[in-house]
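Listed here are the chains, written in short residue letters.
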Amino acid sequence: MSTAYSWVTAFYHLAAPPRCYQLIGVLLPWLGGGAALFFIVGCVWGLVFSPPDYQQGDSVRIMYVHVPAAMGSMAVYVLMALMGAIGLIWHIKIADMMARSCAPVGAAFTVLALVTGSLWGKPTWGTYWVWDARLTSELILLFLYMGYIAVQNAIEDRDKAAHAGALIALVGLVNIPIIHYSVEWWNTLHQGTSLFKLKPSLDSRLLMPLVVMLVAYALIAWTLILIGTRNEILLRRRQSIPVQPWKKST
Amino acid sequence: MSFTSWSAFWQMGGYGPYVWGAYGITVIVLGGLLVGYLWRARRLRQQLAHELRRNQVQRLRSK
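Residues numbered from 1 in each chain as written. Chains lettered and ligands numbered in written order. Predicted model: local features only at pLDDT ≥ 70, side-chain atom pairs only at ≥ 80, totals over all residues. Heavy atoms only, no water.

Regarding the nonpolar core
Put simply, the rule reads: The criterion is simple. A nonpolar core is a set of buried Ala, Val, Leu, Ile, Met, Phe, Trp, Tyr and Cys residues joined through side-chain atoms within 4.5 Å. Partly exposed residues are those whose accessible area sits between 20% and 50% of the maximum for their type, while under 20% is buried and over 50% is exposed, using a 1.4 Å probe and protein chains only. Only runs of H or I of at least four residues qualify as helices and only runs of E of at least two qualify as strands under DSSP, and these elements are numbered from the N terminus. Contacts are residue-level and defined by heavy atoms, with any inter-residue pair within 4.5 Å sufficient.
Within the largest apolar cluster, 70 residues are counted, with the highest numbers of intra-cluster contacts made by Phe39, Met63, Tyr77, Met80 and Tyr217 of chain A. For this core, the elements supplying multiple residues, two or more each, are helix H2 (17–49), helix H3 (63–90), helix H4 (93–125), helix H5 (133–154), helix H7 (175–185) and helix H8 (204–238) of chain A together with helix H2 (16–61) of chain B. Per-element accounting of this core gives the leading share, 15 residues, to H4 of chain A. Setting aside its immediate chain neighbours within four residues, methionine 80 of chain A contacts Ala99, Cys102, Ala103, Tyr145, Tyr148 and Ala169 of chain A.

Focus on the side chain of threonine 223 of chain A
All names here are of chain A. How we decide: For this analysis, a polar contact is any N or O atom pair within 3.5 Å, provided that within protein one partner can donate a hydrogen and the other can accept it, and provided that sequence-adjacent residues contribute only side-chain to side-chain pairs.
Summarising the element assignment, threonine 223 is placed in helix H8. Separated by 3.5 Å, the side chain of threonine 223 and the backbone nitrogen of glycine 32 make a polar contact. Here leucine 219 takes part through its backbone oxygen, which lies 2.7 Å from a polar atom of the side chain of threonine 223. Beyond its immediate sequence surroundings of up to four residues, threonine 223 is in contact with Leu28, Leu31, Gly32 and Ala35.

Let's talk about the environment of glycine 126 of chain A
Position of glycine 126 of chain A relative to the elements: it lies in the loop between H4 and H5. Along the sequence, glycine 126 of chain A and proline 18 of chain A sit 108 residues apart, while their C-alpha atoms lie 53 Å from each other.

As for the interface of chain A and chain B
Stated formally: Put simply, buried area is the surface a 1.4 Å probe can reach on two separate parts but cannot reach once they are joined, added for both. Any carboxyl oxygen of Asp or Glu within 4 Å of a side-chain nitrogen of Lys or Arg constitutes a salt bridge here. Note on residue classes: Ala, Val, Leu, Ile, Met, Phe, Trp, Tyr, Cys and Pro are nonpolar, Asp, Glu, Lys and Arg are charged, and everything else, Gly too, is polar.
Listed per partner, the contact involves 40 residues of chain A and 29 residues of chain B. Interface of chain A and chain B: buried area, both sides summed, is about 3100 Å²; carbon and sulfur atoms make up 75% of it. Contact with chain B buries area across many residues of chain A, yet Leu47, Asn231 and Arg238 of chain A alone supply 20% of it, more than any other trio. Inspection of the region where chain A meets chain B yields zero salt bridges. The tally of links from chain A across to chain B stands at four residue pairs in polar contact (both at pLDDT 80 or more). Broken down by secondary-structure element, the contributors of at least two residues to the side of chain A that touches chain B are H2, H3, H4 and H8 of chain A. Grouping the constituent residues of the side of chain A that touches chain B by class yields 26 nonpolar, eight polar and six charged.

Here's the deal with the packing of aromatic side chains
Keep this limit in mind: Two rings from Phe, Tyr or Trp (for Trp, the six-membered ring) form a pair when their centres are within 6.5 Å of each other. A pair whose planes differ by under 30 degrees is stacked, one over 60 is edge-to-face, and the rest are tilted.
Using the criterion set out here, one finds 12 aromatic pairs over all chains in the structure. Their ring planes at 20° and their centres at 5.4 Å tell us that tyrosine 181 of chain A and tryptophan 185 of chain A sit as a pair that is stacked. One end of the pair, tyrosine 181 of chain A, and the other, tryptophan 185 of chain A, are both in helix H7, four residues apart, so they sit about a helical turn from each other. On the numbers, 5.1 Å between centres and 50° between planes, the contact of tryptophan 10 of chain B with tryptophan 20 of chain B is tilted. Taken as a pair, tryptophan 10 of chain B in helix H1 (residues 6–11) and tryptophan 20 of chain B in helix H2 lie far apart in primary sequence, 10 residues in all. According to the relative accessible area criterion, tryptophan 20 of chain B is partly exposed, its value standing at 24%. An aromatic cluster of at least three residues, connected via ring pairs, comprises Trp6, Phe9, Trp10, Trp20 and Tyr23 of chain B.

This is the structure we're talking about:
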């Protein structure tokens, strides 16, 4: 047995669902506990201890739930597309399982971004909605998530469903840079980039609770995605779907 | 502390419904997802345990 072959089999062994099930079980208490801690600290800091904005007043506190949800909605989509690609190319089932669990979480984050954004827009801009580039592309992201979920639910064979989903996720991936750069490329009502610059243009008293909430949402996303992946492992086990990459589902 | 009293805290400078609406829906949606996933996990484990027991019984019976 050559060295290369034993490396490959070792990797496949690590990616085997039973191992992943155990690994997730070990990680979850830390991820979940950390998520709860950061969320509570971030909310309290944002709601009580941070200052109001001199223009927007206390409505700026919506930022602490809106920005992390919006960034999370994009990050989870990228993860979903990446896992889908890995499953498509190398037939690693755990990647397919994780991609499938990303969808509800990402969709929820997108809904939260849209709703909290609306609630922030009404006092700030005077309207709940406007068809500008950023809001519209975020809405399209929601449709992509919904399409992904619908297609996967429609296809019985879980492996085929995963591959169809992966194709959808990859085709829609172009939407992510569109969302991000929309405020630069077009004349939008939504404000421009404040964070992803060389010098973030947000006061540190507002930036710090925001960073705490960003970490919180990242941990929340990972907690939920991993619980979902574990469920998927159990579900496939129940349906006796083979887990080795070189076996096909019936 | 940015607020002088509890009532000022709830009012949020006049933006109360917007701010609490935003935080409220966040907690509801994220909490709902968590509860849903954990409930599903419990059901799947129960079903799996039930099936394993059933298979065991079948095997013992067929001996």
